[in-house]
Amino acid sequence: NMRRKLVAGNWKMNGSLVANAALLAEIKAGLAVAACDIAICAPAPYFAQCQAELAGSAIAWGGQDVSAHAGGAYTGEVAVSMLQDFACRYVIVGHSERRAYHAESDGLVAQKALRALLAGVTPIVCVGETLVEREAGQTDAVVGRQLAAVLDVLDAADLARIVVAYEPVWAIGTGKTATPQMAQDVHLALRAMLAGKNPTAAVEVKILYGGSMKPDNAAELLAMPDIDGGLIGGAALKAVDFLAIVAAA
Ligand code: 3PY
C-alpha cells in the first residue's frame, strides 16, 4: 500500500527532565534516515523539552490526552491550544488506560478527537477490546462501537486527517501481543468501517497496532497489509528498542 508508516512512542507517565534528555539524545544520535514517520507522545510538562530537543529533527512530538473543551474552568485539563503552543503534531485520545481508569466514554473520546482535529492536531484514536470481550466474540462489535462514536462527529472530508490505533487491552503492558493475523483481521474490519464513511480517505488513514509491540515482533506485525505502524509503550522508553522498531517500519 501507499501509506507511509508511523511509529509513535507513548511514554505514558514516565520520564524526567534528566531521563528524557538522555533518551532523546540517544534516539537522535541513533536515527538513520528513517523511511517512516516518527513521533513521541510525552507528558504535557515535557512538551517544551521535546520541542527544544526535536524541532528540526525527523521526529514529531505530541500529547497523550487533550481536553474536549476549548478552555476555561476545567482544573487539571490541557487544552489543544496549549499543545499547539508547543507545536505538538499529534495527540493520543481514548487510550484504554484513560477509558478504564478515568471512565472516558466513547462520546467523550469522540469530542476530544474532534477538538484536536479542528485545531489541526492529529488525533491518534485508540480502540480495543478486553480479553473478556474477545473471548465472547465481541471484538469487532466493541472496536466498531468505539470507532463509530468518532466517525459520527467527524465530517467525512476530515477522515483522512485522523490516525487510528488498535490496541487490544489484553496486550497492553502485559507482554502478550496479538498475532499478526489477529491484528490484521481487526485492522481490516476497521478500514472497512472507515470506507463506509469515506472510501478514498479510508485508503489513506493509518491504522497503528499498539500493545506490547517490541523489536522482537515489530517486523512481522508491520508486514501485514493493513498495519501502518505502531503505538509503542514500554519499548519507547529504551532508545535501542525504539530505534529497532523504527528500522523495522
Ligand atoms: C503498550 O504498548 O502497552 C501501549 O499501551 C502503547 O500505547
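Everything discussed here concerns the structure shown above.
Quick look at the structure, then. From a predicted model like this one, the values you see are computed outputs, not experimental measurements.

Conventions adopted
Residues numbered from 1 in each chain as written. Predicted model: local features only at pLDDT ≥ 70, side-chain atom pairs only at ≥ 80, totals over all residues. Heavy atoms only, no water. Core = buried A, V, L, I, M, F, W, Y, C linked by side-chain atoms within 4.5 Å. Buried < 20%, exposed > 50% of the residue type's maximum accessible area, 1.4 Å probe, protein only. Helix = DSSP H or I, 4+ residues; strand = E, 2+ residues; numbered from the N terminus. Contact = heavy atoms within 4.5 Å. Salt bridge = Lys/Arg side-chain N within 4 Å of Asp/Glu carboxyl O. Pairing = 2+ DSSP bridges. Right-handed = clockwise from strand over helix to strand, strands pointing away. Near = heavy atom within 4 Å. Polar contact = N/O pair within 3.5 Å; in protein donor to acceptor, adjacent residues only side chain to side chain. Areas by Shrake-Rupley, 256 points an atom, 1.4 Å probe, with all protein chains shown as cover. Nonpolar A, V, L, I, M, F, W, Y, C, P; charged D, E, K, R; others polar. Arc of directions from axis to C-beta.

### What to know about the nonpolar core
Counting 66 residues, the largest nonpolar core has L190, Y209 and F242 as the members making the most contacts within it. Among the elements that make up this core, the one with the highest residue count is helix α5 (residues 106-119) (six residues). Look past the residues within four positions of L190 in its chain and what remains in contact with it is V127, V143, L147, V164, Y166 and I207. Counting 13 residues, the second largest nonpolar core, distinct from the first, contains I92, C126, V163 and L208.

### Some details on the pattern of salt bridges
For the structure shown, the criterion picks out 17 salt bridges. Through salt bridges with shared partners, a single network forms among R3, R191, D226 and D228.

### Remarks on the pairing of strand β8 (residues 229-232)
Of the two faces of β8, the one lined by G229 and L231 and the one lined by G230 and I232 are each fully buried. Bridge count for strand β7 (residues 206-210) against β8 is two bridges, and the pairing is parallel. Bridge pairing in β8 links G210 to L231. In the classification by handedness, the crossover that spans β7, the intervening helix α10 (residues 215-222) and the parallel β8 is right-handed.

### Some details on the site of the ligand
Taken together, N10, K12, H95, E167, I172, G173, G211, S212, L231, I232 and G233 make up all the residues around the ligand. With respect to the ligand, the side chain of N10 contributes an N or O atom lying 3.0 Å from an oxygen atom. Separating an oxygen atom of the ligand from a backbone N or O atom of G211 is a distance of 3.5 Å. Alone, the ligand offers 230 Å² of accessible surface; in the complex the protein occludes 97% of this. Of the residues in the shell around the ligand, the class split is three nonpolar, six polar and two charged.

### Thoughts on the pairing of β7
Taken across its five residues, β7 has five buried, putting it largely inside the fold. Neither face of β7 is open: one carries K206, L208 and G210, the other I207 and Y209, and all of them are buried. Taken together, the four bridges between strand β6 (residues 163-166) and β7 define a ladder with parallel strand orientation. Across the sheet, the residue bridging to V163 is K206, located in β7.

### Details of the side chain of E104
Locating E104 in the fold gives a position in the loop between α4 (96-101) and α5. The buried category is assigned to E104, whose relative accessible area is 6%. Of the polar contacts made by the side chain of E104, one reaches the side chain of R98; its length is 2.7 Å. Within the local environment of E104, its side chain forms a polar contact with the side chain of K112, the two groups lying 2.7 Å apart. Look past the residues within four positions of E104 in its chain and what remains in contact with it is D65, G94, R98, R99, V109 and K112.

### Focus on unusual backbone geometry
Positive phi is not limited to glycine here, since K12 has a value of about 55°. Of note, K12 is situated in the loop between β1 (6-10) and α1 (17-30).

### Here's the deal with helix α11 (residues 239-248)
An α-helix turns once per 3.6 residues; consequently, residues spaced three or four apart project the same way. Here α11 has its buried residues at A239, F242, L243, I245 and V246. Looking down the long axis of α11, one finds its buried residues gathered within 160° of arc, a one-sided arrangement. In this structure, α11 carries V240 and A247 as exposed residues pointing more than 90 degrees from its buried face. The elements touched by buried residues of α11 are β1, α1, β2 (37-41), α10 and β8.

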